[in-house]
Amino acid sequence: MTLHALLFDVDGTLADTERDGHRPAFNQAFSDAGLDWHWDVALYGELLAVTGGKERMKHYIDRYRPDYSKPANFDALVAELHQAKTRHYATLAARGGIPMRPGVKRLLIEARAAGLRLAIATTTTPENVSVLLEHSLGPDTPNWFEVIAAGDVVPAKKPAPDIYHYALEKMGLRPADCLAFEDSENGLRASLGAGLKTLVTVNDYTRDHDFTGAAIVLSDLGEPGAANKWLGGQDLGQPFVDVAYLRALHRG
Ligand code: XBP
Ligand code: MG
């Protein structure tokens, strides 16, 4: 079995986008529209149980705002708020204020040099992916990824495996040829559901999630000289993730 491709989630995996990217962008869209909706850091952690920004807003209203009476055009309002939120997120990301997580850039460069094929499988809106990559990874880096599978391109978002199925089909690859990278339980359910061996790197919102079934769980990808922490799964005893490490994980 040879490793041919790496499939990356974006939010929480490539960069810590949620707390200081998506969350303030939602809040700005709400206040621009004159709504008294506000998502603090803790509430946003609860709301992350639902993937997809439009789905998350609807969940918030259904679950947390029984006082709010939905207008007849509620779906259209949510869609408009989401467009405004996407514009705010782009402005934030374009300031370059959302750095890549440790080891991400190094590993992507090494993987490209080793001839591994790269793809993205995410729940977020496609524009969010390109603006983040361009400003936090480098101007032509969206082209590093053969497929950017994102957002509403499939009807069912993670934890459904559909976005991974979509990316694999576009690349003409079998799950056994690939490794997936995720940071959350919903993401892991999606990648495992598509039959992908998965490396998890946790963050503040996800470290207590259930990662049963992950090949390995780490604090982050690590850097030579800035070791990561092993948190579960197959311990390869190396303080940072490189291509040799990924090949061993894929074989093991
Ligand atoms: C990401 C998400 C997204 C973002 C918001 O999940 O759940 O909804 O929070 O993006 P994953 P949009 O990391 O599993 O892909 O507002 O563009 O939906
Ligand atoms: Mg994620």
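Every value quoted in this text rests on a predicted model; they were computed, and no experiment measured them.

Draft legend 1. Expanded view of helix H4 (residues 74–94). The end-to-end C-alpha distance of H4, which contains 21 residues, comes to 30 Å, matching closely the 30 Å that a straight helix rising 1.5 Å per residue would cover. Within H4 the residues assigned to the buried category are Phe74, Leu77, Val78, Leu81, His82, Ala84, Lys85, Thr86, Tyr89 and Ala93. Looking at the packing, one finds that the buried side of H4 touches helix H1 (18–32), helix H3 (53–64) and helix H6 (126–136). Residue Gly96 follows H4 closely and has a positive phi angle near 70 degrees.

Draft legend 2. Focus on the packing of H1 against H3. The geometry of H1 relative to H3 is characterised by a closest axis approach of 13 Å and an angle of 65 degrees between their N-to-C directions. The hand of the H1/H3 crossing is right-handed. Of H3, the residues touching H1 (which contributes Glu18, Phe26 and Phe30) are Gly53, Arg56 and Met57. Looking at side-chain class alone, the contact of H1 with H3 contains three nonpolar, one polar and two charged residues.

Draft legend 3. Quick peek at the coordination of the magnesium ion (ligand 2). Coordination of the magnesium ion (ligand 2) by the protein involves Asp9 (OD), Asp11 (O) and Asp183 (OD), with metal-donor separations of 2.1 to 2.2 Å. The class of Asp183 is buried, set by a relative accessible area of 6%.

Draft legend 4. Quick look at the packing of H1 against H4. As a packed pair, H1 and H4 sit with axes 8 Å apart at the nearest point and diverge in direction by 130 degrees. Relative to H4, the element H1 is oriented oblique. The crossing of H1 and H4 is right-handed. Residue-level contacts link Asp20, Gly21, His22, Pro24, Ala25, Phe26, Gln28, Ala29, Phe30 and Asp32 of H1 to Leu81, His82, Ala84, Lys85, His88, Tyr89 and Leu92 of H4. The residue makeup of the contact of H1 with H4, split by class, is nine nonpolar, five polar and three charged.

Draft legend 5. Region of interest: the site of ligand 1. The environment of ligand 1 is made up of 18 residues, and the closest members are Gly53, Arg56, His82, Lys85 and Thr125. At 2.8 Å, a side-chain N or O of Glu18 approaches an oxygen atom of ligand 1. At 2.8 Å from an oxygen atom of ligand 1 is found a main-chain nitrogen or oxygen belonging to Thr123. Relative to its free-state accessible area of 450 Å², ligand 1 is covered by the protein chains to the extent of 97%. Elements with a minimum of two residues in the shell around ligand 1: H1, H3 and H4. Here the shell around ligand 1 takes three residues from H1, the largest share from any one element. Classifying every residue of the shell around ligand 1 gives two nonpolar, 10 polar and six charged.

Draft legend 6. Summary view of the pairing of strand E1 (residues 5–8). The two faces of E1 match: Ala5 and Leu7 on one face and Leu6 and Phe8 on the other face are all buried. Two elements, E1 and strand E2 (residues 117–122), share four bridges in a ladder whose sense is parallel. When the bridges of E2 are listed, Leu6 appears paired with Leu118.

Draft legend 7. Local environment of the pairing of strand E3 (residues 147–150). Examined bridge by bridge, E2 and E3 share four bridges and lie parallel to one another. Each residue of the ladder has a partner; that of Thr122, found in E3, is Ala150. For the crossover from E2 across H6 to E3, the handedness is right-handed.

Conventions adopted
- Residues numbered from 1 in each chain as written.
- Chains lettered and ligands numbered in written order.
- Predicted model: local features only at pLDDT ≥ 70, side-chain atom pairs only at ≥ 80, totals over all residues.
- Heavy atoms only, no water.
- Helix = DSSP H or I, 4+ residues; strand = E, 2+ residues; numbered from the N terminus.
- Expected span 1.5 Å × (residues − 1).
- Buried < 20%, exposed > 50% of the residue type's maximum accessible area, 1.4 Å probe, protein only.
- Contact = heavy atoms within 4.5 Å.
- Axes fitted to C-alpha atoms, helices over the stretch in contact; angles between N-to-C directions.
- Left-handed = near helix turned anticlockwise from the far one by under 90°.
- Nonpolar A, V, L, I, M, F, W, Y, C, P; charged D, E, K, R; others polar.
- Donors = N, O, S within 2.8 Å, 3.2 Å for Na, K, Ca; no water.
- Parallel < 35°, antiparallel > 145°, perpendicular 65-115°, else oblique.
- Near = heavy atom within 4 Å.
- Polar contact = N/O pair within 3.5 Å; in protein donor to acceptor, adjacent residues only side chain to side chain.
- Areas by Shrake-Rupley, 256 points an atom, 1.4 Å probe, with all protein chains shown as cover.
- Pairing = 2+ DSSP bridges.
- Right-handed = clockwise from strand over helix to strand, strands pointing away.

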